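# Results of the structural survey
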Amino acid sequence: MAGEVHRNAADAIGRAKALIITSGAGMGVDSGLPDFRGEQGFWKAYPMYARLGISFVEAANPRHFISDPAFGWGFYGHRTALYRSTEPHDGFQILRRWIERFGMEYFVVTSNVDGQFQKAGFEEAKVLEVHGSIHHLQCLDPCSGAIWPNREEIPVDPSTMKAMRFPLCNRCGGVARPNVLMFGDTSWLSERTDRQESSFETFLEGHKDCETAVVEMGAGTSIPTIRRLSERLGRRRGVTVVRINPREPWIDEPHLSIPEGSLAALRAVDTILGSS
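Per-chain numbering applies: the sequence of each chain, read as written, is numbered from 1 onward. With the structure being a predicted model, the display of local features is reserved for residues of pLDDT at least 70 and the display and counting of side-chain atom pairs for 80 or more, all residues being used for whole-chain, interface and lining totals. Remark: hydrogens and water are excluded; side-chain values derive from all non-hydrogen atoms of the structure.

### Quick word on the overall build of the protein
Helix and strand assignments follow DSSP, with helices taken as H or I runs no shorter than four residues and strands as E runs no shorter than two, numbered in order from the N terminus. Across its full length, the protein carries 11 helices and 11 strands. We compute the radius of gyration over the C-alpha atoms and compare it with the globule rule, which gives 2.2 Å times the number of residues raised to the power 0.38. Over its C-alpha atoms the protein spans a radius of gyration of 19 Å, differing by no more than 12% from the 19 Å that the globule rule assigns to 276 residues. Each residue gets one of three labels from its accessible area relative to the maximum for its type: buried under 20%, exposed over 50%, partly exposed in between, using a 1.4 Å probe on protein chains only. Scored against the burial criterion, the 276 residues of the protein give a buried share of 53%. By sequence separation, contacts in the protein at least 24 residues apart represent 67% of the contacts at least 6 residues apart. Residue-level accessible areas treat just the shown protein chains as cover; the underlying method is Shrake-Rupley with a 1.4 Å probe. Accessible surface, the protein as shown: approximately 12,500 Å² in total, 50% of it carbon and sulfur. His is not counted, nor are the chain ends, whereas Lys and Arg count as positive and Asp and Glu as negative. Taken as the charge centre is NZ of Lys, CZ of Arg, CG of Asp or CD of Glu, depending on the residue. The positive charge centre, built from 31 side chains, and the negative charge centre, built from 34, are 1 Å apart in the protein. Residue contacts are counted whenever heavy atoms from the two residues lie within 4.5 Å of one another.

Pasting the structure below:
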């Protein structure tokens, strides 16, 4: 049965003129990144927060930057360093080879803030980061609409999960924060993401009625932004969705469900396509 769905996926990708890659946190697992699935998964990655009884939702909350910026930056500073040091797994290159081999136009839509697609060589202009990017900063207030690249080194004391120094706004000198949409966030500046979304809508308009494959990887139901997008795209004429997810793979026919991790599924489909 697994072989059949891999063949069907390979067929959909091989005949597509456009490829839309949609991705959630599960895409990074094969690179060694945590996906924060459930509190136990989060606490395994960050045992200090388990000792403090702080959940992922509580850690990823902008109020910490107001009450204790060093603590707020502890979580995001550690993640910044982690994402900078992590090399994207081979699945990213498999996707790039398909794009090149079949001459497909493409766009990436991800809920991840890790910048791994750009690091793997995907064009910045063809990536939509729906929750923003940890590699960009903004003022906490914010004092202006400015968003700028995060080139800061943010050392973190793992015993307290507090940053030993953290970024400041380059305009007002106040605390800076990641340009990331957090839980309960009312001060996130969305302009950068809005521009990306406009580019994506232009892409969709230019490829309507075009044979298109949507390859979705690691997008769960707890924050279903990416799953809903894939399903919305799947209602367009000529679109086939390939959902890759080891725990929550279900999707209605005629779309395809592969109950595996991202790298394993991409390798299996790649073997059939013969593009290795």
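### So, the layout of surface pockets
Buried and open spaces are told apart on a 1 Å grid over the protein atoms alone, a cavity being a set of points where a 1.4 Å probe fits but cannot get out and a pocket being an open set with protein on both sides within 12 Å along at least five of seven lines. Residues with an atom within 4 Å of a point are the lining residues. Grid points are joined across faces, edges and corners, and a volume is the space filled by probe spheres set on the points. Empty space within the largest pocket amounts to approximately 1,000 Å³. Together, 42 residues line the largest pocket, and Ala25, Asp35, Phe36, Phe56 and Ile223 are the ones closest to its centre. Every element with two or more residues in the lining of the largest pocket is listed here: α2 (38-45), α4 (56-59) and α6 (69-85). The element that contributes the greatest number of residues to the lining of the largest pocket is α6, accounting for three residues. Only Asp, Glu, Lys and Arg are considered charged, only Ala, Val, Leu, Ile, Met, Phe, Trp, Tyr, Cys and Pro nonpolar, and every remaining residue, Gly among them, polar. Considering only residue class, the lining of the largest pocket consists of 20 nonpolar, 14 polar and eight charged.

### Some remarks on the packing of helix α7 (residues 90-102) against helix α11 (residues 262-273)
If you want to describe how two helices pack, look at the angle between their axes and the distance between the axes. Every axis corresponds to a line fitted to the C-alpha atoms, with the helix fit spanning only the stretch in contact, and the corresponding angles, defined between N-to-C directions, vary from 0 to 180 degrees. α11 packs onto α7 with a crossing angle of 30° between their chain directions and a minimal axis gap of 9 Å. α11 is crossed by α7, and the crossing has left-handed handedness. Mapping the contact onto sequence places Asp90, Gly91, Ile94, Leu95, Arg97, Trp98, Arg101 and Phe102 in α7 and Leu263, Leu266, Arg267, Val269, Asp270 and Leu273 in α11. In terms of residue class, the contact of α7 with α11 is built from eight nonpolar, one polar and five charged. A clockwise turn of the near helix away from the far one marks a right-handed crossing, whereas an anticlockwise turn of less than a right angle marks a left-handed crossing.

### Quick notes on the packing of aromatic side chains
Stacked, edge-to-face and tilted are the three classes for Phe, Tyr and Trp ring pairs, Trp counted by its six-membered ring, which pair at centre distances within 6.5 Å; planes under 30 degrees apart are stacked, over 60 edge-to-face, the rest tilted. Enumeration over the complete set of coordinates arrives at 18 aromatic pairs. Geometrically, the ring pair formed by phenylalanine 65 and tryptophan 73 is edge-to-face, given 5.6 Å between the ring centres and 90° between the ring planes. Note on phenylalanine 65: relative accessible area 1%, which makes it buried. Judged by centre distance (5.3 Å) and plane angle (75°), the ring pair of phenylalanine 117 and phenylalanine 122 falls under edge-to-face. Phenylalanine 117 gets classed as buried once you look at its relative accessible area, which sits at 3%. Joined through ring pairs, the aromatic side chains of Phe42, Tyr46, Tyr49, Phe56, Phe65, Phe71, Trp73, Phe75, Tyr76 and Phe183 make up one cluster.

### Topic: α11
Compared with the 16 Å implied by 1.5 Å per residue over 12 residues, the 16 Å span of α11 between its first and last C-alpha is a close match. For α11, every residue scored as buried is listed here: Ser262, Leu263, Ala265, Leu266, Val269, Asp270 and Leu273. All buried residues of α11 project into a common sector of 160° when viewed along the axis, lining one side. Positive phi shows up at glycine 274, right after α11, with a value of about 70°. Given the number of residues in a helix, its expected span is that number minus one, multiplied by 1.5 Å. Directions from the helix axis toward the C-beta atoms define the arc.

### Observations regarding the nonpolar core
Grouping buried Ala, Val, Leu, Ile, Met, Phe, Trp, Tyr and Cys residues that are joined through side-chain atoms within 4.5 Å yields what is termed a nonpolar core. In this structure, Phe42, Tyr46, Tyr49, Trp73, Phe75 and Tyr76 are the most contacted members of the largest nonpolar core, which totals 32 residues. At the level of elements, α3 (47-52), α4, α6, β4 (132-139) and β8 (176-180) are the ones that each hand at least two residues to this core. The dominant element in this core, judged by the number of residues it contributes, is α6, at five residues. Setting aside its immediate chain neighbours within four residues, tyrosine 46 contacts Phe36, Phe75, His78, Arg79 and Met161. In this structure, Leu19, Ala213, Ile258 and Val269 belong to the second largest nonpolar core, which totals 31 residues.

### A closer look at the sheet that holds strand β5 (residues 147-149)
Pairing in this open sheet of three strands is antiparallel, and the strands run β5-β4-β8 from one edge to the other. Whereas interior strands pair on both sides, the edge strands pair on one side only; in this sheet they are β5 and β8. Direction aside, the axes of adjacent strands within the sheet are offset by 50° on average. With five bridges joining them, β4 and β8 adopt antiparallel strand pairing. Bridging across to β8, glycine 132 finds its partner in valine 180. The sheet contacts of helix α9 (residues 191-206) involve β4, β5 and β8, and relative to β4 the element is tilted by about 135°. Here a strand pair is declared whenever DSSP counts at least two bridges between the two strands.

### With respect to the state of the cysteines
By disulfide we mean two sulfur atoms from cysteines, separated by a distance within 2.5 Å. Counting across every chain of the model gives zero disulfides. With no disulfide of its own, cysteine 139 has cysteine 172 as its nearest cysteine by sulfur position, at a separation of 3.7 Å.

### Topic: empty space enclosed by the protein
Throughout the structure, instances matching the rule amount to one cavity of 30 Å³ or more. The space that makes up the largest cavity amounts to roughly 50 Å³. Taken together, Ile20, Phe203, Leu204, His207, Cys210, Thr212, Arg236 and Val239 make up the lining of the largest cavity.

### Section: the pairing of β4
Burial runs high along β4: eight of the eight residues are buried. Note: β4 against β5, three bridges, orientation antiparallel. Looking at β5, one finds that glutamine 138 is bridged to isoleucine 147.

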